[in-house]
Amino acid sequence: MELTERPRRLRSTPILRKMVRETRIDQSSLIYPMFVKEGKGIKEEIPTMPGQFRYSVDMLPAALEEVAASGVLSVMLFGIPDEKDECGTGAWAQDGIIQKALKEAKRTHPELYYITDVCMCEYTSHGHCGILNGQQVDNDRTLPYLAKIALSHVQAGADMVAPSDMMDGRVAAIREILDQNRYENVPIMSYAAKYASSFYGPFRDAAGSAPAFGDRKAYQMDYHNRKEALKEVLTDCEEGADIIMVKPALSYLDIIRETADQILLPVAAYSVSGEYAMIKAAAQAGYVDEAAMICETAVSIYRAGCGILLSYYAKEIAGFIEEGRIG
């Protein structure tokens, strides 16, 4: 048999396989999500996310030390306040949980890069992502509140803000207020294509952010839709977003790929709590090899076109890159 094309030639040794690898992953592309709550001396494991914790501000530095030691350079902070109200006023308070966490994090670990989630669901008594008009979220009334939250985060030390609310026009509103206050160099990572997903369940347990009534399908995207995601992405690009995020990741690899093919901005993907919980539960039951699953799923997200990955497995992924298992 005379074969000219022999793809196996490039698979013959570990060095050669790595040399011709199409998908490259670096630790600098990883972002580790963390939950911070009011109180002292708190490090409590999240029941639906084994291995993930809620930290009080005084316990945050030790957790950040672990992040830094793993090789991960960036953190996404989510706040869990003690008190909530209809307008989510704790989200922009100078002594709010995120504001206090940022100041402590910057004091103890200034070498890390801090991104904050800009939303209202953790802070509102009704659990929705904006200001209500009856039982509907009022898009336009919500925008000034989101802008105020973003500004307060930056003033407290955030290096980047990431609006996750899915209100129309929020990127433009945040860009305007940041520029007006001379924070024109602070980037916005927009949750541009954020789907209404059952994969968020463990996060809502972790952050106490489940809606008190109804659901979020009136503002988060219908998972049947592909073109609508590109519309959201292109709109946020026009409004001044610097990085575009797709969320969730594993069930939306097609959206990641199309987004990466369509735009010139960096593309991020959020491997969300439900994805983490499924792998963790299957591994604890002995059904799968956890390390192998972490590696394969992470690479699949990068292969789809992601350049930045938010993952609860970020520390482990950084370790596997260091070992040469992936990357």
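Here, the structure is the one placed above.
Here's a quick rundown of the structure. These numbers were taken from a predicted model, which means no experiment stands behind them.

Brief notes about the overall build of the protein chain
Thought 1: Scanning the protein chain for helices and strands turns up eleven helices and twelve strands.
Thought 2: Relative to the globule expectation of 20 Å for 327 residues, the C-alpha radius of gyration of the protein chain, 20 Å, shows essentially globular dimensions.
Thought 3: Seen through its C-alpha atoms, the protein chain measures out along the principal axes to roughly 75 × 45 × 40 Å.
Thought 4: Counting all 327 residues of the protein chain, 56% fall into the buried class.
Thought 5: Look at the contacts in the protein chain between residues 6 or more apart in sequence, and 73% of them connect residues 24 or more apart.
Thought 6: Accessible surface computed for the protein chain: about 14900 Å², of which carbon and sulfur atoms make up 50%.
Thought 7: Seen as two clouds, the 35 positive and the 46 negative side-chain charges of the protein chain have centres 5 Å apart.

Observations concerning unusual backbone geometry
Thought 1: For the peptide bond that leads from Lys247 to Pro248, omega is -10°, which places it in the cis range.
Thought 2: As for its placement among the helices and strands, Pro248 is situated in the loop between strand E10 (243-247) and helix H8 (253-262).
Thought 3: Even without glycine at this site, Arg182 takes up a positive phi of about 65°.
Thought 4: Relative to the helices and strands, Arg182 resides in the loop between helix H5 (170-180) and strand E9 (189-194).

Regarding a positive patch on the surface
Thought 1: Residues Arg6, Arg8, Arg9 and Arg11 make up a contiguous surface patch of positive charge.
Thought 2: Looking at where Arg11 falls in the secondary structure, it is placed in the segment before helix H1 (14-19).

Some points on the environment of Asp215
Thought 1: Inspection of the secondary structure puts Asp215 in the loop between helix H6 (201-207) and helix H7 (227-239).
Thought 2: Owing to a relative accessible area of 43%, Asp215 belongs among the partly exposed residues under this scheme.
Thought 3: Asp215 sits 87 residues away from His128 along the chain, and the two C-alpha atoms are 8.2 Å apart.

Let's talk about the pattern of salt bridges
Thought 1: The final tally for this structure, using the stated rule, is 13 salt bridges.
Thought 2: In this structure, Lys106 engages Asp159 in a salt bridge whose closest nitrogen and oxygen atoms are separated by 2.8 Å. Of the two residues, Lys106 is situated in helix H3 (residues 97-108) and Asp159 in the loop between helix H4 (139-156) and strand E8 (160-163); the sequence distance between them amounts to 53 residues.
Thought 3: Across the pair Asp242 and Arg175 runs a salt bridge whose closest N-O atoms are separated by 3.6 Å. Of this pair, Asp242 sits in the loop between H7 and E10 while Arg175 sits in helix H5, placing them 67 residues apart in sequence.
Thought 4: What emerges from the salt-bridge pattern is a single network uniting Lys37, Glu44 and Arg54.

A few points about H5
Thought 1: Along H5, the residues that are buried comprise Arg170, Val171, Ala173, Ile174, Arg175, Ile177 and Leu178.
Thought 2: Elements that come into contact with the buried residues of H5 comprise strand E5 (113-118), H4, E8, E9 and H7.
Thought 3: Arg182 sits one or two positions beyond H5 and adopts a positive phi of about 65°.

Points about a nonpolar patch on the surface
Thought 1: The grouping of Leu10, Ile15, Met19 and Val20 at the surface amounts to a nonpolar patch, some 410 Å² of accessible area in total.
Thought 2: Mapped onto the fold, Leu10 is located in the segment before H1.

Some points on the packing of aromatic side chains
Each aromatic ring pair is characterised by the separation of its centres together with the angle its planes make.
Thought 1: For the structure shown, the criterion picks out eleven aromatic pairs.
Thought 2: For the pair Tyr270 and Tyr312, a centre-to-centre distance of 6.0 Å together with 40° between the ring planes defines the contact as tilted. A residue pair is termed long-range when its members are at least 10 positions apart, and Tyr270 in strand E11 (residues 267-271) and Tyr312 in the loop between strand E12 (308-311) and helix H11 (314-323) qualify at 42 residues. Across the pair, exposure class does not vary: Tyr270 and Tyr312 are buried alike.
Thought 3: Here the aromatic residues Phe35, Phe78, Tyr191, Phe203, Tyr270, Tyr276, Tyr312 and Tyr313 are joined through ring pairs into a cluster of three or more.
Thought 4: The residue whose ring lies beneath Lys148 is Tyr145, and the NZ or CZ to ring-centre distance is 5.6 Å.
Thought 5: Over the ring of Tyr200 we find Lys247; its NZ or CZ atom is 4.9 Å from the centre of that ring.

Concerning the pairing of E9
Put simply, side chains in a regular strand alternate between the two faces of the sheet.
Thought 1: A large share of E9 lies buried, amounting to six of its six residues.
Thought 2: In terms of strand pairing, E9 meets E10 through five bridges, oriented parallel. Bridge assignment links Met189 to a residue of E10, and that residue is Ile243.

About the thresholds
Residues numbered from 1 in each chain as written. Predicted model: local features only at pLDDT ≥ 70, side-chain atom pairs only at ≥ 80, totals over all residues. Heavy atoms only, no water. Helix = DSSP H or I, 4+ residues; strand = E, 2+ residues; numbered from the N terminus. Rg over C-alpha atoms; globule rule 2.2 N^0.38 Å. Buried < 20%, exposed > 50% of the residue type's maximum accessible area, 1.4 Å probe, protein only. Contact = heavy atoms within 4.5 Å. Areas by Shrake-Rupley, 256 points an atom, 1.4 Å probe, with all protein chains shown as cover. Lys, Arg positive; Asp, Glu negative; His and termini not counted. Charge placed at Lys NZ, Arg CZ, Asp CG, Glu CD. Patch = residues over 30% accessible without salt bridge, like charges linked within 9 Å, V, L, I, M, F, W, Y side chains within 5 Å. Salt bridge = Lys/Arg side-chain N within 4 Å of Asp/Glu carboxyl O. Phe/Tyr/Trp six-rings, centres within 6.5 Å; stacked < 30°, edge-to-face > 60°. Lys NZ or Arg CZ within 6 Å of the ring centre and 35° of its normal. Pairing = 2+ DSSP bridges.

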